[in-house]
Amino acid sequence: MAFTRATGKHRRPSRMQRSTARAAGVAALTTTGVIGTLAGPALAAEPEAEQTGLLPVVTIGDSVAEQIDAQAAAQKQAAEEALAEQKAEEAAVKRAEARAEAAREARERAAREAERKRLNTFVAPIAGSYVSTAYQASSALWSSGSHTGVDFHAASGTLVQAVGMGTVVEAGWGGAYGNQVVIRMHDGTYTQYGHLSSISVAVGQSVVPGQQIGLSGATGNVTGPHLHFEARTSPEYGSDIDPVAYLRSHGVNI
């Protein structure tokens, strides 16, 4: 009995044809990203001889993954470097701001110190003048028999200034002193300015060294224009102290 070879559409594909088709399918799956979902045992089920066509496909997939990993690593490094650069810039800005703030505070401290020194500085009651009548000089012109202050030479209308920082406690007529100003100084002592032709301050007003308080004149009990200046331990008559020694103790060269 003779046997005939099977032909037509029911003929089984050869092993070579199956391998080629599988390789093509795997390549297509790799391109679409599906190859990553294939289970390892499914690939290993094929006989060794039929896996030769899959090796290039698997190798290509590994190469693409490595490239992706490399790109991801590069992007991560770039991001880290950018972040580090940003932090460095922010730190530099903060350091610059801190230096500017320190410089500003130093200027303010220097200004405050200069102002403090200025306010604590004493000056002569009349700039460029001199003492024409000394302290405790004897004469019948004074009711106490001696001079309770000093006289500074000054023509009428010469600017009279506060010798230091203080508060005005008297500003007006003072009998024999004529127009006068009395200032309570910041250290608790008092200074008096007599025989003024005009007064520029009022009671309760704060004054600073060198501030104008009036103009010299010849009001009250005088023989001519000058400034009568006293230093006292209280605002009352009779509490006088040596005015030249007082001014010198505060740095005024007379």
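Look a little higher up for the structure.
Residues numbered from 1 in each chain as written. Predicted model: local features only at pLDDT ≥ 70, side-chain atom pairs only at ≥ 80, totals over all residues. Heavy atoms only, no water.

1. Considering the pattern of salt bridges
- What the rule picks out here adds up to five salt bridges.
- The residue E101 makes a salt bridge to R104 at a minimum N-O spacing of 2.3 Å. With a gap of three residues between them, E101 and R104 both fall in helix 3 (residues 55–120), about one helical turn apart.
- R104 sits in the partly exposed class, given a relative accessible area of 31%.
- Among the ionic pairs, R232 bridges to E230, the shortest N-O distance being 2.9 Å. In terms of burial, R232 and E230 fall into one category: buried. (Salt bridge = Lys/Arg side-chain N within 4 Å of Asp/Glu carboxyl O. Helix = DSSP H or I, 4+ residues; strand = E, 2+ residues; numbered from the N terminus. Buried < 20%, exposed > 50% of the residue type's maximum accessible area, 1.4 Å probe, protein only.)

2. Some remarks on the nonpolar core
- Counting 26 residues, the largest nonpolar core has V181, I183, Y193 and I213 as its most contacted members.
- Those elements giving two or more residues to this core turn out to be strand 2 (150–153), strand 5 (179–185), strand 6 (190–199), strand 9 (226–232) and helix 4 (243–249).
- Non-local contacts of I183, meaning those with residues more than four positions away in its chain, are made with A162, G166, T167, V168, V169, T189, Y190, T191, Y193, V207 and I213. (Core = buried A, V, L, I, M, F, W, Y, C linked by side-chain atoms within 4.5 Å. Contact = heavy atoms within 4.5 Å.)

3. Details of the side chain of S216
- Relative to the helices and strands, S216 resides in strand 8 (residues 212–216).
- Leave out the neighbours within four places in its chain, and S216 touches A154, A155, S156, G157, T158, V160, H195, L196, S197 and H226.

4. Overview of the packing of aromatic side chains
- Enumeration over the complete set of coordinates arrives at three aromatic pairs.
- Summarising the aromatic geometry, the rings of F122 and Y246 are spaced 6.0 Å apart at their centres and angled 75° between planes, so their arrangement reads as edge-to-face. On the criterion of sequence distance, the pair formed by F122 in the loop between helix 3 and strand 1 (131–133) and Y246 in helix 4 is long-range, its members being 124 residues apart.
- Under the relative-accessibility criterion, F122 is labelled buried at 4%.
- What makes Y246 buried here is its relative accessible area of 5%. (Phe/Tyr/Trp six-rings, centres within 6.5 Å; stacked < 30°, edge-to-face > 60°.)

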